[in-house]
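Breakdown of the fold
Chain by chain, the residues run as shown.
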Amino acid sequence: MEAAHPHARARLLARLADTHAVDLVVVGGGATGLGCALDAAARGHSVLLLEARDFAAGTSSRSTKLIHGGVRYLAQGRIGLVREALRERGRLLRNAPALVHPLRLVVPARTLAERLLLRVGLGAYEALAGADGLGGCRMLDAAGLRAALPGLRDEGLRGGVAFHDAQFDDAGLALAIARTASGHGALLLNHCAAHELVVEAGRLRGVVVREAEGGRAYRIAARAVINATGVWGDTLRRRADPAARPLLRPSQGVHLVVDADCLPGGDALLVPRMPDGRVLFMIPWCGKVLIGTTDTPRADAPDEPEPLAGEVDDLLAAAARWLRRPPAREAVRSVFVGLRPLLDDGAPAGGEVSSRISRQHRVEVSTQGLVSVLGGKWTTYRAMAEEAVDVAEAVGGLVRRSSPTATLALDCGVPPGAQGEGEAGGDAALAGTPPGLPPGLLPGAAAVRRALREDFALSIEDVLARRSRALFLDAAAAAAVAPAVADIVAGELGWSAPRREAELAAFLALAGRYCARSRSTASSPPSG
């Protein structure tokens with residue numbers, strides 16, 4: 001497998017320079033784009049994937065960390081979407097068991113009637129999973145609810161219902177897909193943009209690639225091009241066809257990460273409908289608790305979205321209504337925001353809560369031949385990719401081949417904390433590591449080197465945000481070890497001293513934006 005190594009990046013770029021034509025170019029290195037690259041490469045097609053930033057740097061590393069069918073979509077009558085997602089959940093549990101595992105969620109009820117209604121709905125949800133079910137749902141009385149969620153403020157509650165879905169490391173799964181695609185021969189390049197779409201005689205014939213580090217441009221011919229840029233999909237569609245009508249409506253989800261003592265135990269809390277119609281999750285994750293998510297429509301799609309005015313306080317207030325020991329703002333370890341690429345159903349902007357807009361996907365072919373896969377969600381990335389590659393085969397006149405990915409095991413890499421190359425004593429802690437942190441929260445020196453040598457990392461952010469989840473779990477701790485990480489990255493990649501200082505300053509500024517304590521409010525919703 002080719003991946004980022006002290007000299008592997010140069011080898012990857014040399015391979016790009018020698019590549020004049022491929023069967024398929026995939027633009028976008030999130031879940032769907034990586035899934036398309038793997039699907040096409042596993043069928044035997046030649047594939048080039050381009051990601052302007054890092055793999056999963058956008059939406060795909062900022063999810064609620066659930067692989068699920070979507071209980072709320074069942075309540076909305078979207079049976080097909082739920083059934084497909086539950087089938088894909090089962091496949092992920094089998095194909096990536098090191099990264100995807102069952103999680104029990106508990107839904108509280110205030111009345112016996114509500115508890116019975118939840119039992120019926122969640123029973124139907126489990127029935128739709130069929131052979132991929134995870135053990136059914138169970139009614140809980142008041143004592144059972146307290147045992148499952150000992151930190152819950154349970155006054156006025158009459159028990160609840162427990163059911164199972166799955167949890168995952170989103171960035172870790174994206175990298176597993178990338179490793180597997182690379183192992184099947186795909187050429188994957190992060191920090192490498194599709195600078196231009198090449199259109200000749202009204203048909204899309206390839207791309208011009210620009211590499212971020214050196215700025216060199218490469219022209220690559222392609223039989224077909226897949227637009228898998230997620231929430232930014234309309235931007236690429238308009239580059240192929242300036243008259244293209246927007247088809248996506250971004251929606252913002254905000255997540256707070258707090259210490260686990262506010263919700264002890266291994267179960268998650270799900271409130272399927274808050275007063276404003278949104279869903280509230282409180283989920284154990286990597287020794288912390290993840291609180292989210294709001295679902296706020298917005299008209300723009302920034303690379304680094306931040307909470308809108310009041311969103312952090314709203315989530316903390318919601319937590320206070322449900323927890324006996326709710327976290328204060330100063331107890332929030334990190335705040336991260338993800339944008340969801342929801343399909344526009346034609347309703348006026350702001351006319352409905354975005355949590356009710358479809359999470360289904362669409363594969364569109366422009367008059368120029370650009371294949372765009374739009375909408376969808378993490379859980380169904382594989383099915384979306386399979387459909388997109390089917391369409392790309394037809395558009396590009398490629399040999400039609402069936403997809404093997406439904407049963408294809410993913411390369412989940414080295415387990416966290418495993419001994420690194422050349423470090424006989426195990427993975428040494430980094431200088432600046434704060435005391436008392438949960439094991440595995442921060443990478444050790446060997447893990448940083450492994451990220452650079454084997455897992456495509458090319459920056460401090462790549463290491464601390466996605467090869468480890470430190471930035472998402474504790475932004476201040478990530479900032480504390482950033483200088484030591486910068487030393488290793490600079491040594492491995494040959495950065496000059498000024499380059500190291502500039503890269504470190506950029507990461508520290510980013511970490512400051514993830515710290516809730518550094519701001520009490522943020523921007524207001526952009527007008528559109």
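Attention here is on the structure that accompanies the text. (Residues numbered from 1 in each chain as written. Predicted model: local features only at pLDDT ≥ 70, side-chain atom pairs only at ≥ 80, totals over all residues. Heavy atoms only, no water.)

1. Structural notes on the pattern of salt bridges
When their charged atoms lie close together, side chains carrying opposite charge are able to pair. Note the threshold: By definition, a salt bridge exists where a carboxyl oxygen of Asp or Glu is found within 4 Å of a side-chain nitrogen of Lys or Arg. Secondary structure elements follow DSSP: runs of H or I no shorter than four residues count as helices, runs of E no shorter than two count as strands, and numbering proceeds from the N terminus. Each residue is placed in one exposure class: buried if its accessible area under a 1.4 Å probe, protein chains only, is under 20% of its type's maximum, exposed if it is over 50%, and partly exposed if it falls in between.
A full pass over the atoms with the stated rule returns 40 salt bridges. Note that R104 is salt-bridged to D267, the shortest N-O span being 2.8 Å. Taken as a pair, R104 in strand β4 (residues 100–108) and D267 in the loop between β11 (248–259) and β12 (268–271) lie far apart in primary sequence, 163 residues in all. The class of R104 is partly exposed, set by a relative accessible area of 22%. What makes D267 buried here is its relative accessible area of 12%. Members of the salt-bridge network, linked through shared partners, are D39, R43, D390, E393 and R400.

2. So, the pairing of strand β17 (residues 361–365)
Within a regular strand, the side chains alternate between the two sheet faces. What counts here: Only when DSSP finds a minimum of two bridges between them are two strands counted as paired.
Alignment of β17 against strand β18 (residues 370–375), held across 5 bridges, turns out to be antiparallel. When the sheet's bridge partners are listed, R362 is paired in β18 with L374. Linkage of β17 to β18, two consecutive antiparallel strands, is achieved through a turn of 4 residues, within which G369 is found at a positive phi near 100°.

3. Some words on the packing of helix α2 (residues 31–42) against helix α7 (residues 170–183)
Using the following cut-off: In this analysis an axis means a line fitted to C-alpha atoms, helices contributing only their contacting stretch, and an angle means the value between N-to-C directions, from 0 to 180 degrees. Angle categories are assigned with fixed cut-offs, so that under 35 degrees is roughly parallel, over 145 is roughly antiparallel, 65 to 115 is roughly perpendicular, and the rest are oblique. Working rule for handedness: look at the near helix, and if it is turned counterclockwise from the far one by less than a right angle, call the crossing left-handed; if clockwise, right-handed. Contacts: residue pairs with any heavy atoms within 4.5 Å of one another. Gly falls in the polar group here, along with every residue not listed as nonpolar (Ala, Val, Leu, Ile, Met, Phe, Trp, Tyr, Cys, Pro) or charged (Asp, Glu, Lys, Arg).
Running from amino to carboxyl end, α2 crosses α7 at an angle of 25°, the nearest separation of the two axes being 9 Å. Classified by the angle between their axes, α2 and α7 sit roughly parallel to one another. In this structure, α2 meets α7 at a crossing whose hand is left-handed. Packed against α2, whose contacting residues are L34, G35, A37, L38 and A41, the element α7 presents A174, I177, A178, T180 and A181 at the interface. The class makeup of the residues in the contact of α2 with α7 is 8 nonpolar, 2 polar and no charged.

4. Concerning the packing of helix α4 (residues 79–95) against helix α10 (residues 381–396)
Axis separation between α4 and α10 bottoms out at 8 Å; the angle between their running directions is 105°. By the angle class used here, α4 and α10 are roughly perpendicular. Note on element contacts: α10 touches α4 through Y381, R382 and A383, opposite E84, E88, R91 and L92. Here the contact of α4 with α10 is composed, by residue class, of 3 nonpolar, no polar and 4 charged.

5. With respect to the nonpolar core
How we decide: Note on terminology: a nonpolar core comprises buried Ala, Val, Leu, Ile, Met, Phe, Trp, Tyr and Cys residues joined through side-chain atoms within 4.5 Å.
By size, the foremost hydrophobic cluster in this structure holds 60 residues, and its most contacted members are I460, V463, L464, L471 and V485. Among the elements that make up this core, the one with the highest residue count is helix α14 (residues 475–493) (11 residues). V463 has contacts with V448, A451, L452, A457, S468, V485 and V489, leaving out every residue within four places of it along the chain.

6. Describing unusual backbone geometry
The phi angle at A201 is positive, at roughly 55°, despite the residue not being glycine. Checked against the element boundaries, A201 lands in the loop between β8 (192–200) and β9 (203–211).

7. Structural notes on the packing of aromatic side chains
Given two aromatic rings, their pairing is described by the distance between the two centres and the angle made by the two planes. Basically, it comes down to this: Aromatic rings from Phe, Tyr and Trp, with only the six-membered ring used for Trp, were paired whenever their centres fell within 6.5 Å, and each pair was classed as stacked if the ring planes differed by under 30 degrees, edge-to-face if by over 60, and tilted otherwise. Two conditions define a charge sitting above a ring: the NZ of Lys or the CZ of Arg must be within 6 Å of the ring centre, and it must be within 35 degrees of the ring normal.
Inspection of every chain in the model, using the stated rule, returns 6 aromatic pairs. Note on F336 and F472: the rings are 4.9 Å apart at their centroids and 65° apart in plane angle, and the pair reads as edge-to-face. Placement of F336 in strand β16 (residues 332–343) and of F472 in helix α13 (residues 470–473) is noted, with a sequence separation of 136 residues between them. An identical accessibility class is assigned to F336 and F472; each is buried. Ring centres of W378 and Y381 lie 5.5 Å apart, and the angle between their planes is 75°; this geometry places the pair in the edge-to-face category. Judged by its relative accessible area of 4%, Y381 falls in the buried class. A network of ring pairs unites the aromatic residues F168, W378 and Y381 as a single cluster. Above the plane of the ring of F472 lies R469, whose end atom (NZ or CZ) is 4.6 Å from the centre.

No statement about biological role is implied by the geometric values presented.
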